[in-house]
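A structural walkthrough
So the chains spell out like this:
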Amino acid sequence: GLSAVGTTAALRGRLLEHFGLLKEVALQKETLAVTPEEIEELCATDGITFCDESDPDFDFKTLLSEVMQKSSVGHWKSATRKLKKLNKQYSTSDRPVPR
């Protein structure tokens, strides 16, 4: 039988070796060797431009809708806490929190 002593990695290694799978795993690792030049070529960003088209007010609008939803169902404690969070995190002179 196999020894049941050691770390999980050691036990796994013994099981793989017992069933003859350890050599196959080592062979697969060797065939996947890639040169740094190939990695650089695969990761090249030539011709790619990144632009953020997300809504900058998404978090503000989401939290505001949660406040309105909680207050419409009568969950005043939760609505008050979310309103307090809205005031602390997202309230600015350009974007005041509705009262």
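What you see is a predicted model; the values in this text were computed from it and never measured. Throughout this document, residue positions are counted from 1 along each chain, in the order its sequence is written. Restriction of local features to residues with pLDDT of at least 70 applies here, the model being predicted, together with a cutoff of 80 or more for giving and counting side-chain atom pairs; totals for whole chains, interfaces and linings are based on all residues. Note that the side-chain values use all heavy atoms of the structure and ignore hydrogens as well as water.

The next point concerns the overall build of the chain. A run of H or I in DSSP becomes a helix once it reaches four residues, and a run of E becomes a strand once it reaches two; helices and strands are each numbered from the N terminus. For the chain, the helix and strand inventory stands at 5 helices and 0 strands. Counting from the amino terminus, helix and strand elements in the chain follow one another as α-α-α-α-α. Burial classification: accessible surface area is computed with a 1.4 Å probe over protein chains only, and a residue below 20% of its type maximum counts as buried, one above 50% as exposed, and the rest as partly exposed. Counting the 99 residues in the chain, one finds 8% classified as buried. All accessible-area figures derive from a Shrake-Rupley calculation using a 1.4 Å probe, and residue coverage is judged against the displayed protein chains alone. Here the chain has roughly 8800 Å² of accessible surface; of this, 57% comes from carbon and sulfur atoms.

The next point concerns the nonpolar core. Grouped together as the largest cluster of nonpolar side chains are 5 residues: F60, L63, L86, Y90 and V97. Elements that contribute at least two residues to this core include exactly α4 (58-73) and α5 (76-90). The contacts of Y90, once residues within four sequence positions are left out, are D59, F60, L63, K85 and R95. As used in this record, nonpolar core signifies buried Ala, Val, Leu, Ile, Met, Phe, Trp, Tyr and Cys residues forming a set joined through side-chain atoms within 4.5 Å. Residues are treated as being in contact if the distance between any of their heavy atoms lies within 4.5 Å.

Moving on to the packing of aromatic side chains. Only Phe, Tyr and Trp rings are paired, with Trp represented by its six-membered ring, and only when their centres lie within 6.5 Å; those with planes under 30 degrees apart are stacked, over 60 edge-to-face, the remainder tilted. Inspection of the entire model under this criterion finds 0 aromatic pairs. When the NZ atom of lysine or the CZ atom of arginine is within 6 Å of a ring's centre and also within 35 degrees of its normal, the charge is said to sit over that ring. Lying across the ring of F60, R95 places its NZ or CZ 4.6 Å from the centre.

The working definition used for a salt bridge is a side-chain nitrogen of Lys or Arg within 4 Å of a carboxyl oxygen of Asp or Glu. For the structure shown, the criterion picks out 3 salt bridges. Its salt-bridge partner being R95, residue D57 comes within 2.6 Å of it at the nearest N-O pair. Of the two residues, D57 is situated in the loop between α3 (36-42) and α4 and R95 in the segment after α5; the sequence distance between them amounts to 38 residues. Take R95: its relative accessible area is 21%, and that puts it in the partly exposed class.

The subject of this paragraph is the packing of α4 against α5. Between α4 and α5, the least distance of the axes is 8 Å, while the angle of their chain directions is 160°. As far as their axial angle goes, α5 and α4 are roughly antiparallel. α5 is crossed by α4, and the crossing has left-handed handedness. In contact with D59, F60, L63, L64, E66, V67, K70 and S71 of α4, α5 contributes W76, S78, A79, K82, L83, K85, L86 and Y90. Every angle, taken between N-to-C directions, lies between 0 and 180 degrees, and every axis is a line fitted to C-alpha atoms, over only the stretch in contact when it is a helix. These descriptions rest on fixed angle ranges, namely under 35 degrees for roughly parallel, over 145 for roughly antiparallel, 65 to 115 for roughly perpendicular, and the rest for oblique. Note: crossing handedness is left-handed where the near helix turns anticlockwise from the far helix by less than a right angle, and right-handed where it turns clockwise.

For α4, which comprises 16 residues, the first-to-last C-alpha distance of 23 Å matches the rise-based estimate of 22 Å (1.5 Å per residue) to within 8%. When we look at burial in α4, the residues that qualify are F60, L63, V67 and S71. Here the buried residues of α4 occupy an arc of 75° about the axis, which is enough to place them on one side. Structural note: α4 exposes M68, Q69, S72 and V73 on the side pointing more than 90 degrees away from its buried face. Expected span of a helix, by definition, is 1.5 Å for each gap between consecutive residues, and there is one gap fewer than residues. Our arc is simply the arc of the directions from the helix axis toward the C-beta atoms.

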